[in-house]
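# Coordinate inspection notes
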Amino acid sequence: MSAASCLRSEDQFLCSICLDVFTDPVSTPCGHNFCKNCINQHWNSNDQYLCPLCNKVFYTRPELLINTLFSEMVSQFRQEAQQKASSSSSEQQAAKPGEVPCDVCTGTKLKALKSCLVCLTSYCETHLEPHLTRSGLKRHQLMDPVENLEDRMCMKHDKPLELFCKTDQTCVCMLCSVLNHKTHEFVPLKEEYEGKKAELGKTEAEIQEMIQKRRLKIQEIKHSVDLSKEAADREKAEGVQVFTALKESVERSLNELIETIEEKQRTTEKQAEDFIKELEQEISELKKRSSEVEKLSHSEDHLHLLQNFPSLKAAPPTKDWTEVSIRPSYGGTVVKAVAQLEEMLSKQMKKQCEVKLKRVQQYAVDVTLDPDTANPWLILSADGKQVNCGDMWMNLPDNPERFSPSVSVLGKQSLSSGRFYFEVQVKEKTDWDLGVARESINRKGNTPLRPQYGFWTICLRNKNEYSARNSPPRCLSVKSRPQKVGVFVDYEEGLVSFHDIDAAALIYSFTGCSFTEKLYPYFCPCLNDSGKNSAPLIICPVNQTV
């Protein structure tokens, strides 16, 4: 226990006049104890001799007696208090760098426990004792120790800064409020402190909310990374599977090609061998006949020559070899094999496209058209699933959401995170625009349908001219004219892709997009062109059995 707390707990050793430990205690005839100097000064300054405690009146100045036992008790208590104070002081640590030192300590400066805003002094535990025990000092304002207490004094008037000038937003002293700021609005420092503390509380709450949002965003990003890793692993597995099958197919096709070529070569060699064998046999026979002719031609026997000449003159036993040839039949073998490989690869790619289409169709949303955004030329079906351009302007309120003059309309459903998919029938139309648009697009002008203006769309013009509304526009090549188009959005990935449903083929993808606000489905059936483009755009239910 500290000396200060010890003194506070032993009120019987405190003089009721000076509120300090008795010094030379004496007793009055009524039995109360006071410091000798305190009671004498009290009676010297008053006309009557009253006991300060019980107000007993003495008509003559009483003789003050010394209570020997009580004096010894006070003396003993003072010694114990001093010993405890000395022990407490020895336990206190010297002020370290960055800590506020006691202004009263001499020699080693102890660490300050409190600072007094009235005395403008910082005190260690020992020197703080009077502020905790003496009535006059108890009214002083104590606070946690601070340095540079002189900064709390007015530089002009050397008075404590006790008021806050709301006009100039500065702390002032009492004289400032009278001399320099007399027309301004003032409040006590404590009142302004409470207000500012409440503001800080709100600020802290806002900061904590911001921290929480960012922690949630970190979790969201980490979750997105996990999803991306899962997707990457899935894509890698599918890629390994597809390319392994492709590699095996290529190797199999190569082996078949080599075997076919080698078989043809063996057939050619066998045919050539047969021809050569037959030719060699005929040569042998012709040589034999040549020998007979030569022998007969040298004969001088007239009768013998004439008798054998007819048999030698007959046509030789050989066939006409003029048209006989060996022609390798390898031409087109490789081309045919590559064509078969391409066909197989095309089938495999279509299969993969079907798998991917099924995957994005899982995020199908039931989209309906928003009549509040529709241009007055447009005709919307009662169920909000069809839109086409009519021949009559409808008198509709020109609300801020409505498109004008563009013959466009948005879907009611929006996307601000995750994935989003819908399908639209474009059959029998010659012109259309389709895609998504951000919420803040300009709806009151002919704004280009490009990403920098908040549109991610593809379009058809003149029956067969497809293009992506990029910057600059990009012409699209499609194998067949799409009858139904699927639109897929991955908000976090920044992806908008368009799919030909019947062909299960990707038409085009906007990648690397940066979305920061809500996205809405966008539809533009274009003008009906005297009935040539009167067919509606129809939002279709998604059939996932591609």
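Everything below is about the structure shown above.
Attention now goes to the nonpolar core. Generally speaking, nonpolar side chains in soluble globular proteins are found buried as a group. In this structure, Trp432 and Phe523 are the most contacted members of the largest nonpolar core, which totals 47 residues. The dominant element in this core, judged by the number of residues it contributes, is strand β22 (residues 519-524), at 5 residues. The next biggest cluster of nonpolar side chains, apart from the first, holds 9 residues, and it includes Phe13, Cys35, Phe70 and Phe77.

Once that is clear, we can look at the sheet that holds strand β8 (residues 163-165). A sheet is described by the order of its strands in space; here 3 strands give the open sequence β9-β8-β10, paired in antiparallel fashion. This sheet does not close on itself; its edge strands, each paired only once, are β9 (170-172) and β10 (186-188). Pairwise comparison of adjacent strand axes, ignoring direction, gives a mean angle of 35° for this sheet. Pairing of β8 with β9 involves 3 bridges; the strand directions are antiparallel. Looking at β9, one finds that Leu163 is bridged to Val172. In the packing of helix α7 (residues 189-297) onto the sheet, contacts are made with β8, β9 and β10, and the angle to β10 comes to roughly 85°.

As for its placement among the helices and strands, Thr60 is situated in the loop between β4 (57-58) and α3 (68-91). Between the C-alpha atoms of Thr60 and Arg450, which are 390 residues apart in sequence, the distance is 110 Å.

Okay, the environment of His223 next. Summarising the element assignment, His223 is placed in helix α7. Along the chain, His223 and Ile211 lie 12 residues apart, while their C-alpha atoms are 18 Å from each other.

The topology assignment puts Asp158 in the loop between β7 (142-143) and β8. Taking C-alpha positions, Asp158 is 170 Å from His302, a pair spaced 144 residues apart along the chain.

What follows concerns the pairing of strand β16 (residues 455-461). Judged by how many residues are buried, β16 sits mostly within the fold: 6 of 7 residues are covered. Bridge count for strand β15 (residues 432-438) against β16 is 6 bridges, and the pairing is antiparallel. When the bridges of β16 are listed, Trp432 appears paired with Leu460. Two strands pair when backbone bridges link them, and β16 and strand β17 (residues 465-468) are joined in this way by 4 bridges, in the antiparallel orientation. Its bridge partner being in β17, Ile458 is matched across the sheet by Ala468.

Here we have 6 strands laid out as an open sheet, ordered β13-β22-β15-β16-β17-β18, and antiparallel in their pairing. With one partner strand each, in any of the chains shown, β13 (409-410) and β18 (474-476) form the two edges of the open sheet.

One full turn of an α-helix is made of 3.6 residues, so residues set three or four places apart face in the same direction. All of the buried residues in helix α2 (residues 36-44) are Cys38, Ile39 and Trp43. Projection of α2 onto a plane perpendicular to its axis shows the buried side chains occupying an angular sector of 125°, all on one side. Pointing more than 90 degrees away from the buried face of α2 are the exposed residues Asn37 and Asn44. Residues of α2 that are buried in the fold lie against β1 (25-27), β2 (33-35) and β3 (49-50).

Parameters at a glance
Residues numbered from 1 in each chain as written. Predicted model: local features only at pLDDT ≥ 70, side-chain atom pairs only at ≥ 80, totals over all residues. Heavy atoms only, no water. Core = buried A, V, L, I, M, F, W, Y, C linked by side-chain atoms within 4.5 Å. Buried < 20%, exposed > 50% of the residue type's maximum accessible area, 1.4 Å probe, protein only. Helix = DSSP H or I, 4+ residues; strand = E, 2+ residues; numbered from the N terminus. Pairing = 2+ DSSP bridges. Axes fitted to C-alpha atoms, helices over the stretch in contact; angles between N-to-C directions. Contact = heavy atoms within 4.5 Å. Arc of directions from axis to C-beta.

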